[in-house]
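Structure at a glance
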Amino acid sequence: MILYAFRRLLESVVVLFAMSLVVFLSVYAIGNPVDILVSPQADAQEIERAIRGLGLDRPLWEQYAVFLRQAAAGDLGHSFAFNVPAIGLILERMPATLELAGAAMLVAVGLGIPLGLWAGLRPESASAKAIMAGSILGFSLPTFWVGLVLVMVFSVWLGWLPASGRGPTTDLLGVPVSFLSREGLRHLLLPAATLALFKLSLLARLTRAGTREALAQDYVKFARAKGLATRRVVGVHVLKNILVPIVTVIGLELGSVIAFAIVTETIFAWPGMGKLLIDAIGVLDRPVIVAYLLVTVTLFVLINLVVDLAYSALDPRVRLAEARA
Amino acid sequence: MTVATLRVENLRTHFFTRHGVVKAVDGVSFEVRAGRILGLVGESGSGKSVTGFSILGLVDPPGRIVDGRILLEGRDLRALDAEGLRALRGDRVAMVFQDPMMTLNPVLTIGTQLAETVRAHRRVSRAAARDEARAALARVGIASPDARLAAYPHQFSGGMRQRVAIAIALINRPALVIADEPTTALDVTIQGQILAEMQSLVRASGAALVWITHDLAVVAGLADEVAVMYAGRIVERGPVDAVLDRPLHPYTRGLVDSVPSRRARGEPLRQIPGMAPSPAALPAGCAFRSRCDRASAACLAEPGATLTRDGREVRCFHPLEAP
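Note that the coordinates shown come from a computational prediction; the quantities given were computed from them, not determined experimentally.

Thresholds applied
- Residues numbered from 1 in each chain as written.
- Chains lettered and ligands numbered in written order.
- Predicted model: local features only at pLDDT ≥ 70, side-chain atom pairs only at ≥ 80, totals over all residues.
- Heavy atoms only, no water.
- Helix = DSSP H or I, 4+ residues; strand = E, 2+ residues; numbered from the N terminus.
- Buried < 20%, exposed > 50% of the residue type's maximum accessible area, 1.4 Å probe, protein only.
- Contact = heavy atoms within 4.5 Å.
- Areas by Shrake-Rupley, 256 points an atom, 1.4 Å probe, with all protein chains shown as cover.
- Lys, Arg positive; Asp, Glu negative; His and termini not counted.
- Charge placed at Lys NZ, Arg CZ, Asp CG, Glu CD.
- Pairing = 2+ DSSP bridges.
- Axes fitted to C-alpha atoms, helices over the stretch in contact; angles between N-to-C directions.
- Polar contact = N/O pair within 3.5 Å; in protein donor to acceptor, adjacent residues only side chain to side chain.
- Salt bridge = Lys/Arg side-chain N within 4 Å of Asp/Glu carboxyl O.
- Phe/Tyr/Trp six-rings, centres within 6.5 Å; stacked < 30°, edge-to-face > 60°.
- Lys NZ or Arg CZ within 6 Å of the ring centre and 35° of its normal.
- Domains from an automatic or database assignment.
- Buried area = accessible area lost by both parts, 1.4 Å probe.

1. Some points on the overall build of chain A
Assigned secondary structure in chain A consists of 14 helices and 2 strands. Judged by the C-alpha coordinates and their principal axes, chain A covers about 85 × 55 × 35 Å. A buried classification covers 43% of the 325 residues belonging to chain A. Put simply, of all contacts in chain A between residues at least 6 apart along the chain, 73% involve residues at least 24 apart. When the accessible area of chain A is evaluated, it comes to approximately 16,600 Å², of which 69% is carbon and sulfur surface. Charged side chains of chain A number 27 positive and 22 negative; the gap between the two group centres comes to 15 Å.

Written as structure tokens, this is what we have:
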């Protein structure tokens, strides 16, 4: 177990290292941030000073070496644009994104799995067919369009929910969150629903397919032959068997929701990391881009680790020793 | 005279598919008494498994029991609602399935799967259910049952898993056990052990046993009575020795002849010509007539049941001996 955790840790360090190198090179290839950061009226001397100040006068490999040395000490550099620590900027925006992603996944799991179970248990019923048809829409419609339509309907026409922003936040253990106040929840609802729709549809379809497959298995028939109530047959015998693929998808999707909430955050002016990244790319603010990607990759690695641990908890045939092979 | 543990009268279970009605079970009658073993024999698709599932009320759509009565200890199961049937399943009537690799849930411990069967029918504490589970494992000959309760099915061999499934079936001391080819998927040596144990467990508890199989050798060694099914009907029924030694129905004769025996070494095995008819398109009259060398114009009508002097029943216009 300890060996397993250590091995996973080592793997993630390698991934982080490779990722930072790729980002460094690609941002370098895109262009010179000084052209954007320094005002057009600046003279050659000022530009020279700016380049020197940001350390851009040195060769790329040296810049990278400096970055690595500082990163090893926990310093991911200062933002070119704001001249504050890049990691600080990201951590400041992270709670908003995590809250949005968490709310979206909660909606997706809380609705998707029950809907999928229902559709799987009664595949011929009209409600099941409606769920399946709706889910096709759910994952075919582009997120930005869904977001805009929701804003149109619920904010513009009905006037029930606010169209943008995060609303007032409440401090929970020093972290600002929206979901504790009524007004905050109202702000959270539309962006979370927009972000959840795709995952909800995916989970409903996955759960339905798994349920139908499990229902045809002998162990379900045997469970019924034992006289178990339907609630126990479905809630324990079926559900526990189909959870492995569902948990995999939840893990993958949670990572992608956090990393790619950018579109939704832009539509609803949600002050999260995605918005920050877009702005940073606009001015080629390399330290912020690199720091953002490092944080995202770390989150992915953590989520995958949790998913792997969940496997072995859910399915006794999966042992961590095998996962190592 | 006591009431038979199971009495099936004129059972008809049909499947309503897009391609027409499949008469999987079409007018089956038999009975089993407490402590007795009935072998239900037939080829694949003869309707023997569907008969078993019909008794448990576990026929899935598009299948449906369309006619007949199933009396378990005098109670008509077809008159019961879903909850009434559920309460009987696993308690008064239990079933053992064919493939032990598939019947146990792979993600639940053996102990859970045993104990939930107890708690589905009786209000007992978790600890008490676990004690019963331990005792049930010990009864079917599993060593160190205490440690085994926490194990998962994949940690057991096929034979051991079938023992566990048998322990689950017998844990509530049912009056009737339906065994659907439980030894077919096992090694011959394990098969023998399971057969002997099943026999003694049933005898000890006084339960009635319906043993569904295609293997006449198993029936010969195990059952008291045998019912031979063909195309959804029982064509011959009676005490096992009489039926196997002196079959009356040409189909039974064909089945007996196609078993390899040591006496007939070197001689080619006799086969039944042709194939079993598709249950979706059964011919009118005797379903066996197209494969039968004794068939005549009379066989275009459906043969009724004829009772013989020695208590057998046969459905044939041209039995091999005068009944």
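2. A closer look at the sheet that holds strand S1 (residues 6-17) of chain B
Residue and element names in this part refer to chain B. Read across the sheet, 4 strands follow the order S2-S1-S4-S5 without closing on themselves; strand pairing throughout is antiparallel. Unpaired on one side and paired on the other, strand S2 (20-32) and strand S5 (75-76) mark the two borders of the sheet. One ladder, built from 9 bridges, connects S1 with S2; its direction is antiparallel. Looking at the pairing, Thr13 lines up with Val25 of S2. Most of the contacts of helix H1 (residues 48-56) go to S1, to which it runs at about 110°, and overall it touches S1, S2 and strand S4 (63-72).

3. Considering the environment of A:Tyr311
Along the chain, A:Tyr311 turns up in helix H13 (residues 286-314). Contacts of A:Tyr311, omitting those with residues within four sequence positions, involve A:Val244, A:Thr248 and A:Val318.

4. Some details on the side chain of B:Thr213
Residues and elements named next belong to chain B. Inspection of the secondary structure puts Thr213 in strand S8 (residues 208-213). Residue class for Thr213 comes out buried when judged on its relative accessible area of 3%. Polar side-chain contacts of Thr213 include one of 2.9 Å to the backbone nitrogen of Asp215. Residues within four places of Thr213 in sequence aside, it is in contact with Leu40, Val41, Gly42, Lys48, Glu181 and Val219.

5. Concerning the pairing of S4(B)
Residues and elements named next belong to chain B. Inspection of the sheet shows S1 paired to S4 by 8 bridges, in the antiparallel sense. Along S4, the bridge assignment pairs Arg12 with Asp67. Both S4 and S5 contribute to a ladder of 2 bridges, which runs antiparallel. Residue Leu71 lies in a different strand from S5, and its bridge partner there is Asp76.

6. Some remarks on the pattern of salt bridges
All told, the structure shown has 27 salt bridges over all chains when counted by the stated rule. Here A:Arg232 makes a salt bridge to B:Glu116, at a shortest N to O gap of 2.6 Å. Taken as a pair, A:Arg232 in helix H10 (residues 230-259) and B:Glu116 in helix H4 (residues 110-119) lie in two separate chains rather than in one. Overall, A:Arg232 belongs to the partly exposed group, its relative accessible area being 30%. Classification of B:Glu116 by relative accessible area gives buried; the value is 6%.

7. Description of the packing of aromatic side chains
As enumerated under the stated definition, the model contains 9 aromatic pairs over all chains in all. Relative to A:Phe198, the ring of A:Phe139 has its centre 6.3 Å away and its plane inclined at 80°; by these criteria the two rings are edge-to-face. Residue A:Phe139 is located in helix H6 (residues 126-140), and its partner A:Phe198 is located in helix H8 (residues 182-215); the two are separated by 59 residues in the primary sequence. Accessibility expressed as a relative area gives 32% for A:Phe139, which makes it partly exposed. The ring of A:Trp118 carries A:Arg122 above its face, with NZ or CZ at 4.4 Å from the centroid. The cationic tip of B:Arg148 hangs over the ring face of B:Phe156; the distance from NZ or CZ to the ring centre is 4.6 Å.

8. Quick word on the domain arrangement of chain B
Residues and elements named next belong to chain B. Once the domains are mapped, chain B shows domain 1 (1-92 + 174-262 + 270-275) and domain 2 (106-171). Taken together, the contacts link 15 residues of domain 1 with 12 residues of domain 2. Regarding the contact of domain 1 and domain 2, the summed buried area is about 1,200 Å², with carbon and sulfur atoms giving 64% of it. When residues of domain 1 are sorted by the area they lose upon contact with domain 2, Ile194, Glu197 and Leu201 head the list and together hold 35% of the total. At the junction of domain 1 with domain 2, the criterion picks out 1 salt bridge. The partner of Arg163 in a salt bridge is Glu197, and the shortest N-O contact between them spans 2.9 Å. Across the contact surface, domain 1 and domain 2 share 6 residue pairs in polar contact (both at pLDDT 80 or more). Those elements that provide at least two residues to the side of domain 1 that touches domain 2 are helix H2 (82-88) and helix H8 (188-205). Among the elements that line the side of domain 1 that touches domain 2, the one with the most residues is H8, at 6 residues.

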